[in-house]
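Here is how the chains run, residue by residue.
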Protein chains: 2
Amino acid sequence: MDVAKELAMENLKTNCGGPFGACVVKDNKIIGKGINKVLCDNDPTAHAEIVAIKDACKNINSYDLSGYEIYTTSYPCPMCLSAIIWSNIDKIYYGTTTNDVEELGFRDHRIYDYISQLMKNDDSNKMIENKCIDRESIIQIFKEFKEKDDKTIY
Amino acid sequence: MDVAKELAMENLKTNCGGPFGACVVKDNKIIGKGINKVLCDNDPTAHAEIVAIKDACKNINSYDLSGYEIYTTSYPCPMCLSAIIWSNIDKIYYGTTTNDVEELGFRDHRIYDYISQLMKNDDSNKMIENKCIDRESIIQIFKEFKEKDDKTIY
């Protein structure tokens, strides 16, 4: 966590993004590092955890981080939490909480609330408009995928 | 949506990732395109929507896609939905549903369920272990960030 903290502190100086840092670790060795680079990279997905996961995957040449852990200075937002799950990381060590991050002005908590509402089919606080179109034709692509013998589900 | 569908169909041939495609659009013009590249890029975050958002942001040189819409062949997973919200995209047009994607074997639904449980402080189905450490020292970084005059909240 000390390295993640240093990364977050460095980011304070650069205005590259929010004050967040993360490291992907296995057997006490750092395999990937990340800082928040949303502003300097013009990339809304470049949160510290995403950058660290991409770095680790590049370094081990795999999309599968089973057996790895992530240290992140703040509890991951829903985007990063989901990315961590998709990557099969085993454990998250985090510093500050979603409430702490909300106090800085970031929307993590509101996005968590929105997703939770979606699951309850509660439409009262529509954070983003959405509309289903063309399902019948797109489901044909799924049928073809199901029939493929050489597919990989990750 | 026709372009997103074509991208998804092309991906069936390449085994680059799941059968998904996405486009970011403004005023009927495509600004960014994406296919799922999890397998070929060894990147668990390379879902079609994330790839399309990164492409659009690169093309307009901004992390802010306010006023843009996204067409995606499947309803976004929680990672991509959150990325869309972080990018300030206004509207999502999607084809197949989270249930349709679950039937292919992808974990979108389970991640949505897990996040929803988290919000209810329900610990019964722990999808990933997590532990809070070092909060007191990391909150000091937040204090410094709060005092910065030139910070940008996105």
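Here we summarise the structure given alongside this text. (Residues numbered from 1 in each chain as written. Chains lettered and ligands numbered in written order. Predicted model: local features only at pLDDT ≥ 70, side-chain atom pairs only at ≥ 80, totals over all residues.)

1. Observations concerning the overall build of chain A
Next, step 1: Secondary structure summary: chain A contains six helices and five strands in total.
Next, step 2: Its helices and strands taken in sequence order, chain A reads α-β-β-α-β-α-β-α-α-β-α from the N to the C terminus.
Next, step 3: When its C-alpha atoms are laid out on the principal axes, chain A stretches across 50 × 40 × 25 Å.
Next, step 4: Expressed as a percentage of the 154 residues in chain A, the buried residues total 47%.
Next, step 5: For chain A, restricting intrachain contacts to residue pairs at least 6 apart in sequence, the fraction spanning at least 24 positions comes to 42%. (Helix = DSSP H or I, 4+ residues; strand = E, 2+ residues; numbered from the N terminus. Buried ≥ 20, exposed ≤ 12 C-beta atoms within 10 Å, placed from the backbone. Contact = placed C-beta atoms within 7 Å.)

2. Things to note about the relation of the copies chain B and chain A
Next, step 1: With an RMSD of 0.0 Å, chain B superimposes on chain A once it is rotated by 180 degrees and translated 0.0 Å along the axis. In short, the pair behaves as if placed about a two-fold rotation axis. No C-alpha of chain B approaches the rotation axis more nearly than that of Met79 of chain B, which lies at 1.9 Å. (Least-squares fit on C-alpha atoms with pLDDT ≥ 70 in both.)

3. Considering helix H1 (residues 2-14) of chain B
Next, step 1: Helix length check: H1 of chain B, at 13 residues, gives a terminal C-alpha distance of 19 Å against a target of 18 Å (1.5 Å per residue), a fit within 8%.
Next, step 2: All of the buried residues along H1 of chain B are Ala4, Leu7, Ala8 and Asn11 of chain B. Buried positions in H1 of chain B, seen along its axis, are confined to an arc of 100 degrees and lie on one side of it. Seen from the buried face of H1 of chain B, the exposed residues on the opposite side, beyond 90 degrees, are Asp2 and Lys13 of chain B.
Next, step 3: Tucked inside the fold, the buried residues of H1 of chain B contact helix H6 (135-147) of chain A together with strand E1 (21-26), strand E2 (29-35) and strand E3 (69-74) of chain B.
Next, step 4: With its phi angle positive at about 55 degrees, Asn15 of chain B sits one or two positions after the end of H1 of chain B. (Expected span 1.5 Å × (residues − 1). Arc of directions from axis to C-beta.)

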